[in-house]
There are 2 protein chains.
Amino acid sequence: MKISELSRRTGVPVASIKYFLRQGLLPAGRATAATAAEYGEEHVQRLRLIKALTTLGGLSIAATRDVLGAVDRAHSAEGALGAVSYALPVPVASLHDADPAEEAEGEAAAGAEVAELLAALDWQAPGTSPHVKALTAALKELRRLDAQYAPEELAAYARLAEQVALLDLERAAGIDDPVSLAERAVVVLAICAPVFELLRRLAQEDQVRRRVAGGGGGGDEYAAPR
Amino acid sequence: MKISELSRRTGVPVASIKYFLRQGLLPAGRATAATAAEYGEEHVQRLRLIKALTTLGGLSIAATRDVLGAVDRAHSAEGALGAVSYALPVPVASLHDADPAEEAEGEAAAGAEVAELLAALDWQAPGTSPHVKALTAALKELRRLDAQYAPEELAAYARLAEQVALLDLERAAGIDDPVSLAERAVVVLAICAPVFELLRRLAQEDQVRRRVAGGGGGGDEYAAPR
């Protein structure tokens, strides 16, 4: 198909497609003339993935390139989730330096919190895991806000997260082709995270509405700002 | 305290503090001279919140201003979570226009999916809720990627999200002061979402490592890209 048809099929403007081609996110089409190329279904699939990562996933072009690289490099089905998981950006706090003594104390306390959690749940993850590092940074920030979790609170969240992760892996089951599995892993990691967060927000909204209704409130607590 | 002490206490550079003051995110200090002002504990608390929102929460200055506005406007304890919840940005897909017919079909299918879910779980949320709209957009995008949830899959995630939301509300329990409750709501919504996502990723990592270990793999599937 021509680039105009590729644009129509995916809803991505031609100018954006050309940008993704220049950035190396999308492989070149088969040249049919000096200024024309023919694209196939693999371009449609790849472009939909790029669009999903950059819109729903909120990833930058550089981050998208890293994820696509991890997808392309995945050689085994087992490695797909792992490679993608480490390639996808994690929410990390870009902390400024505070009082060095206070900073080190917070780091040590948060690190101990994470180590205690991993031991309590018998989770296998090395200290070099970006997930372990990012969780430590997040818990440190919560401590600074004086909003840290009690150990049993954090463990309760972690047990629910474990059940969510089992559902995630079930969604990837039955796909044997490594590249397809890697792409499914990208979808699960980058796109299903906002879906779960929205479900959580909806559940919060439902519960607040019920409490307000029970207390005789007007239910107008959920009003758009301004 | 002076601005230098405020910077030391919070780890926020003086230039950033001045920027937040100019942007109206941080209330002015008490002027003690033409070029000097005195700051109090309320500035420390507010600055830590701003920092948490903009770093861990990943919010823009404009979004941070909206959230702080919602916090300041909260008059009742019940309203705090609702106001903050609607003020905080939700992950929304910024969709380009695709084939209008295909687009409308996807919208209708995703809308039906959300309506079915809300009915099945008996969740109370109007169609105007930003959470309902964003969830519809996300499910539509998953359909386009041919990675939609089966209804029972989505319901399984939603039931886990409900349990997470109950833990969230427990964390806000026992705080009676509306402003403190609103600030806790910001922390729960903006900062605990990444924490849960990290716990989910850690649980995935643990499960993949176990499967690989069981299959005799080398466990090097989790390797940093490049």
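Since this is a predicted model, take the numbers as computed values, not measurements.

1. Some details on the interface of chain B and chain A
Counting from both sides, the interface comprises 105 residues of chain B and, opposite them, 105 residues of chain A. Here chain B and chain A share an interface that buries about 9,700 Å² over both sides, 63% of which is from carbon and sulfur atoms. Among the residues chain B hides against chain A, the three largest losses belong to Tyr157, Leu198 and Arg201 of chain B. Together they make up 7% of the total. Counting the contacts that link chain B with chain A gives six salt bridges. Its salt-bridge partner being Asp122 of chain A, residue Arg210 of chain B comes within 3.5 Å of it at the nearest N-O pair. Mapped by element, the contributors of at least two residues to the side of chain B that touches chain A are helix H1 (3-10), helix H3 (41-54), helix H4 (61-73), helix H5 (77-87), helix H6 (100-121), helix H7 (130-144), helix H8 (151-172) and helix H9 (178-214) of chain B.

2. Quick notes on the relation of the copies chain B and chain A
Overlaying chain B on chain A yields an RMSD of 0.1 Å, the required transformation being a rotation through 180° with an accompanying axial translation of 0.0 Å. On the angle and the small slide along the axis, the relation comes out as a two-fold axis. Residues of chain B ranked by C-alpha distance from the rotation axis are headed by Leu160 of chain B, positioned 3.3 Å from it.

3. Focus: the packing of helix H3 (residues 41-54) of chain A against helix H4 (residues 61-73) of chain A
Residue and element names in this part refer to chain A. Remark: H3 packs on H4, axes separated minimally by 10 Å, with the N-to-C direction vectors making an angle of 135°. Taken together, H3 and H4 sit at an angle that is classed as oblique. Crossing angle aside, the handedness with which H3 passes H4 is right-handed. Within the contact between the two elements, H3 uses Arg46, Leu49, Ile50, Leu53 and Thr54 and H4 uses Ile61, Thr64, Val67, Leu68 and Asp72. Along the lines of polarity and charge, the residues of the contact of H3 with H4 split into six nonpolar, two polar and two charged.

Cut-off values and rules
- Residues numbered from 1 in each chain as written.
- Chains lettered and ligands numbered in written order.
- Predicted model: local features only at pLDDT ≥ 70, side-chain atom pairs only at ≥ 80, totals over all residues.
- Heavy atoms only, no water.
- Contact = heavy atoms within 4.5 Å.
- Buried area = accessible area lost by both parts, 1.4 Å probe.
- Salt bridge = Lys/Arg side-chain N within 4 Å of Asp/Glu carboxyl O.
- Helix = DSSP H or I, 4+ residues; strand = E, 2+ residues; numbered from the N terminus.
- Least-squares fit on C-alpha atoms with pLDDT ≥ 70 in both.
- Axes fitted to C-alpha atoms, helices over the stretch in contact; angles between N-to-C directions.
- Parallel < 35°, antiparallel > 145°, perpendicular 65-115°, else oblique.
- Left-handed = near helix turned anticlockwise from the far one by under 90°.
- Nonpolar A, V, L, I, M, F, W, Y, C, P; charged D, E, K, R; others polar.

Structural measurements only, silent on function.
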